[in-house]
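# Per-entry structural report
The lines below spell out each chain.
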Amino acid sequence: MSRTIQAIRGMNDILPHETPSWQYVEAKLRDVMASFCYQEIRFPILEQTELFVRTIGEVTDIVNKEMYTFADRNGDSLTMRPEGTACTVRAGIQNGLLYNQTQRLWYIGPMFRHERPQKGRFRQFHQFGIEAFGFAGPDIDAEILLMGARIWQTLNIQNKVKLELNTLGTKAVRAYYRKQLTDYFTANFELLDEDSKSKVNLNPLRILDSKNPALIEVIAQAPKLLDCLDEESSQHFEGLKRILDATKLEYEINPRLVRGLDYYNMTVFEWVTTELGAQNAVCAGGHYDTLVEQLGGKTTPAIGFAIGLERLLALVDSNCVKPNSPHAYLAILGDAAIAKSLALAEELRTALPNLHLMVNCGTSNLATQLKRADKSGALLAIIIGENELNTNTATIKFLRENTDQQVVNLNELPTFLARITLK
Ligand code: HAM
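So, here's what we can say about the structure. (Residues numbered from 1 in each chain as written. Predicted model: local features only at pLDDT ≥ 70, side-chain atom pairs only at ≥ 80, totals over all residues. Heavy atoms only, no water.)

## Quick word on the sheet that holds strand β16 (residues 406-409)
- Strand order in this open sheet of five strands is β13-β12-β14-β15-β16, and the pairing throughout is mixed. Bordering the open sheet on either side are β13 (357-359) and β16, each of which pairs with just one other strand. Between one strand axis and the next, the sheet turns through 30° on average, direction left out of account.
- Note: strand β14 (residues 380-384) against strand β15 (residues 393-398), four bridges, orientation antiparallel. By the bridge assignment, alanine 381 is partnered in β15 with lysine 397.
- Across the sheet, helix α12 (residues 338-351) touches β12 (328-332), β13 and β14, and the angle it forms with β13 is around 165°.
- The strands touched by helix α13 (residues 366-376) within the sheet are β12, β13, β14 and β15, with β12 carrying the most contacts at an inclination of about 165°. (Pairing = 2+ DSSP bridges. Helix = DSSP H or I, 4+ residues; strand = E, 2+ residues; numbered from the N terminus. Axes fitted to C-alpha atoms, helices over the stretch in contact; angles between N-to-C directions. Contact = heavy atoms within 4.5 Å.)

What follows is the structure, given as C-alpha cells:
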C-alpha cells in the first residue's frame, strides 16, 4: 500500500462538521460590515516579496523568519501573504481607490506565517480584516473599536475579550522614543536575554513586549512612550479616550503594547482574551498613516484591524450554530421510481428554493434508507415506491416526532413541505 500523504504541519483542514461554525461567524461578520457600510475587497494570495519587506519591516519576526517566500518559474521572488494590510494598500493604490477619496474596506481569507504551531497559532490561519483610508481620526479610531465591540456582542463573546489600547505617537515621536529606548537598553545590556540583545539597535520597541519573566524589571524601568508624546499625539489619544468614555466602551491602557509590525503610528490596540493561553490576541490593529505614501501613493491616513478567525471561533459557543442538516430525505423504493423521484426532487427545489432536500442514492430497502434519513438529521422522510407512483402520492414519515405517517398528493407536496419544514 502506498504511503498516505498528510497536510503540511500547522495547516489545517476545516472539516464538514466544523464548517457550519465558520459559516455562522462569517455571516455575522458580513452583517456587521453591512451595518457599518464597509465594502469587501479581495486580493491575491501571492504578492511580490518586496511588498511585505517594505511595509511590515525588515527587522520584524514576520519578514525575518516567518514568510513563505519562493522564486517562481521566472525567478521572481513571491510571498504568500502573511497579512492583509499591505495587500489592501497595494491594491488600493494600483486601482486608484485611495487618491483623494475615502474608503472603508473589509477582507477575509487565509494568511501564511511559518511560526511554531501551537494552540491558537498556525501556519495557515484565517483573518477577517478591515481597513479605513482617508480619515485622520480619532473619530475613525472610535468607529472601528465600537465595530469590534459590536462583533463580540453579535457573537455573544463580549465577556471573553477586553480592549487594550496604546499610542505610539507620530512617526517623529516614535523615532525620538526609539532612540531613548536604545540608549536605555544599551546602558542595561547585561540584563537582557539573547533575543532582546539582538533587538537593541534594530527594533528596541519589540523588547517591551518580551514574554521573558526575567526581563519584567528592566522593562518596567524603561522610558515610557506616553511620557514622550508631542501635542498632536496627545490630542489624538485624549480625543479618542473622550469618545470611548462617552460611548461607554471599556478599555485598559497598556503602555507595553507596541505591535509586531513596523508600519504603525498613533493608536494601536489589541482585543485580548484569557481563554486561549499564550496566544491571547483575538484582534489587533492600529493607525498606519505613512504606509500609503511609502508604497508610492499620496499621503493618506489609514487605520485597521484584523481578527484571527481560528481564535475567534474558539471563543464562540458552537451550541448557537445550527448544523446544515437536510429538512427532508427522499427515500426511493425500486428502480422504476428513481427517475420519477429525481424529477420530483427538482420540482420541489424549484418550488421551494430554501428547502434542503437530500435524495437517497444507491438502491436499498426501506429500513436502510430510513436509517440513512435519520442519520442525516432530516426532519422527515418522503417515501416514493410503486404504490406512490401508481397513486401520484408520497408517503411522509416524521423522523423527529411521534406522529403517524401521512400520505400526501404530489400536487400538494410543496405546500405541505413549506408548512412543515420551513417554519
Ligand atoms: P497581527 O497582529 O499580525 O496584525 O495579526 C492579527 C491577528 O491575526 C492576531 O491578533 C491573531 O488573532 C491572528 N493571527 C496572527 N498570526 C496568527 C497565527 N500564526 N495563527 C493564528 N492566528 C494568527 C496584522 O496582521 C495586521 N495586518 C492587522 C491590521 C490591520 N493592522 C491594521 N490593519
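## Structural notes on a nonpolar patch on the surface
- Residues Ile45, Leu46 and Phe70 make up a contiguous nonpolar surface patch of about 230 Å² in total accessible area.
- Position of isoleucine 45 among the secondary structure elements: in the loop between β1 (39-40) and β2 (46-48). (Patch = residues over 30% accessible without salt bridge, like charges linked within 9 Å, V, L, I, M, F, W, Y side chains within 5 Å. Areas by Shrake-Rupley, 256 points an atom, 1.4 Å probe, with all protein chains shown as cover. Salt bridge = Lys/Arg side-chain N within 4 Å of Asp/Glu carboxyl O.)

## Some points on the packing of aromatic side chains
- Enumeration over the complete set of coordinates arrives at nine aromatic pairs.
- Aromatic side chains tryptophan 152 and tryptophan 271 sit 5.5 Å apart centroid to centroid with 70° between the ring planes, which places their arrangement in the edge-to-face category. Taken together, the residues span a long stretch of sequence, with tryptophan 152 in helix α5 (residues 139-154) and tryptophan 271 in strand β9 (residues 265-272) at a distance of 119 residues. For the pair tryptophan 152 and tryptophan 271, a shared accessibility class is recorded, and that class is buried.
- Feature note: the residues Phe133, Tyr263, Tyr264 and Tyr288 constitute an aromatic cluster, connected by ring pairs. (Phe/Tyr/Trp six-rings, centres within 6.5 Å; stacked < 30°, edge-to-face > 60°. Buried < 20%, exposed > 50% of the residue type's maximum accessible area, 1.4 Å probe, protein only.)

Function cannot be inferred from these measures alone, as they are strictly geometric.
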